[in-house]
Amino acid sequence: MSDITNYDLIIIGGGPAGYIGAIRAAQLGIKTLLVEKQAVGGMCLNWGCIPMKVILESARQYQKIKYQSDYFGITGVESKSIGYEWDKIATRKDKVVNQLVKGVEFLLKKNKVQQVIGEAEILNHKTILVNHQEIKTDHILIATGSIFSPLPLKKKEQYSIWEVQDLLNNQSIADHYVIVGNNPVAFELANLLHLLDKKIIQVIPDDKILPYLDNSLINFLRRKWKKNKIELILEPELEKALQNLDSGVPIINSYQRIAVLPKTHDFTLEMEQTHLLVNANQQTSESHIYAAGDVTGTFLAQFASAQSLRAVNHIAGIQMSTNSYKIPKQLYLSPEIASLGVT
């Protein structure tokens, strides 16, 4: 970071909301500092969407070669000898992620966005603290993302509980997994591991699958999971759902996402359940503090980017509307599912 300690805008978080907002702000001539505690790209690029899609491509190639060679007219393939090496899949995943992270870093540098690695605390609506240094600003944009909340289990020590990144970063893979969740990540993980010939049980802590989807798509998913022999357990009480399962099988937590919030001093931002409450311009209850992305309860990378653009434009005096019905929702399954608009 340069010696500049006064900015027009400080963005906390370098994921799809943070880095897109930072680039837009710099292009508008807004003196911007981007603070990220780990790596630019956030959960989506480093430990979520992108790694999963890279591994999914390997899984699809494996399926085609082993089970569909004859269908595609390819000869000389002995299906019994076809396999895969998880550590090599993981190495390729890391290579792709690193390449994309460097791409984001290049774009930030090209647009002259100042960056600092560290965990920011908000002292007041015009000051943050990072790496023991106070930095002044006219506006703050919180883009710190979300995490999966801990599983509501009374005796967690009885289970082998993994986070999604534990699976994606592990150099080995088990033969059997339990996935807990009723969201795109849970379904994409179940599909991915099925394609790698793993036994999957998916626990839905609800009484309906993906309630935002059209009924026709829900019925399609049910048929697909039955055909793929992915066991679905719909049970709102998680303890009850897990009571008859082997406690030694890894349980992947994809339960529900909650906002990751920077520490604030002497004031509290208004919340709506587990995320920050914002108005149509992405302003929080402190008008100089904006929020975009998962911290606002909108768990889509493309929506996060749109929200950050709206916030930055508002700071610059440019009005921008975002219609949530025009934001596509997608599931990277086999085949993919996407929806747009109302059900």
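Residues numbered from 1 in each chain as written. Predicted model: local features only at pLDDT ≥ 70, side-chain atom pairs only at ≥ 80, totals over all residues. Heavy atoms only, no water.

Participant: Now, about the overall build of the protein chain: what can you tell me, with residues and values included?
Facilitator: In terms of regular secondary structure, the protein chain is built from nine helices and 19 strands. Radius of gyration (C-alpha) of the protein chain: 22 Å, near the 20 Å computed for a compact globule of 343 residues. Projected onto the principal axes, the alpha-carbon positions of the protein chain cover approximately 65 × 45 × 40 Å. With 343 residues in all, the protein chain has 46% of them scored as buried. (Helix = DSSP H or I, 4+ residues; strand = E, 2+ residues; numbered from the N terminus. Rg over C-alpha atoms; globule rule 2.2 N^0.38 Å. Buried < 20%, exposed > 50% of the residue type's maximum accessible area, 1.4 Å probe, protein only.)

Participant: Break down the packing of helix H1 (residues 16–27) against helix H4 (residues 86–110) for me, with residues and values.
Facilitator: For the pair H1 and H4, the least separation of the axes is 9 Å and the interaxial angle reads 25°. Accordingly, the angle class assigned to the pair H1 and H4 is roughly parallel. The interaxial crossing formed by H1 with H4 has left-handed handedness. Here H1 contributes Tyr19, Ala22 and Ile23 to the contact with H4, which in turn contributes Val104, Leu107 and Leu108. Classifying every residue of the contact of H1 with H4 gives six nonpolar, no polar and no charged. (Axes fitted to C-alpha atoms, helices over the stretch in contact; angles between N-to-C directions. Parallel < 35°, antiparallel > 145°, perpendicular 65-115°, else oblique. Left-handed = near helix turned anticlockwise from the far one by under 90°. Contact = heavy atoms within 4.5 Å. Nonpolar A, V, L, I, M, F, W, Y, C, P; charged D, E, K, R; others polar.)

Participant: Break down H1 for me, citing the residues and quoting the values.
Facilitator: With 12 residues, H1 extends 17 Å between its outermost C-alpha atoms, agreeing within 8% with the 16 Å of an ideal straight helix rising 1.5 Å per residue. Along H1, the positions that sit buried rather than exposed are Pro16, Ala17, Gly18, Tyr19, Gly21, Ala22, Ile23 and Ala25. Looking at the buried side of H1, the elements it contacts are strand E1 (6–12), strand E2 (32–36), helix H2 (42–46), H4 and helix H9 (301–315). Where H1 ends, the next residue or the one after it, Gly29, has phi of about 80°, a positive value. (Expected span 1.5 Å × (residues − 1).)

Participant: Tell me about the packing of aromatic side chains, residues and numbers included.
Facilitator: In this structure the tally under the stated criterion is five aromatic pairs. Ring centres 5.0 Å apart and planes at 80° place the aromatic pair Tyr62 and Tyr84 in the edge-to-face group. Within this pair, whereas Tyr62 is found in helix H3 (residues 49–67), its partner Tyr84 is found in the loop between H3 and H4, the two being separated by 22 residues in sequence. Classification of Tyr62 as buried rests on a relative accessible area of 7%. Among the residues examined, Tyr84 registers a relative accessible area of 26% and is labelled partly exposed. Centre to centre, the rings of Phe187 and Trp225 are 5.6 Å apart; their planes meet at 45°, and the pair counts as tilted. Taken together, the positions of Phe187 in helix H6 (residues 184–195) and Trp225 in helix H7 (residues 215–227) put the pair 38 residues apart, joining distant regions of the chain. Trp225 carries the same exposure label as Phe187, and that label is buried. Here the aromatic cluster, defined as three or more aromatic residues joined through ring pairs, consists of Tyr62, Tyr67 and Tyr84. (Phe/Tyr/Trp six-rings, centres within 6.5 Å; stacked < 30°, edge-to-face > 60°.)

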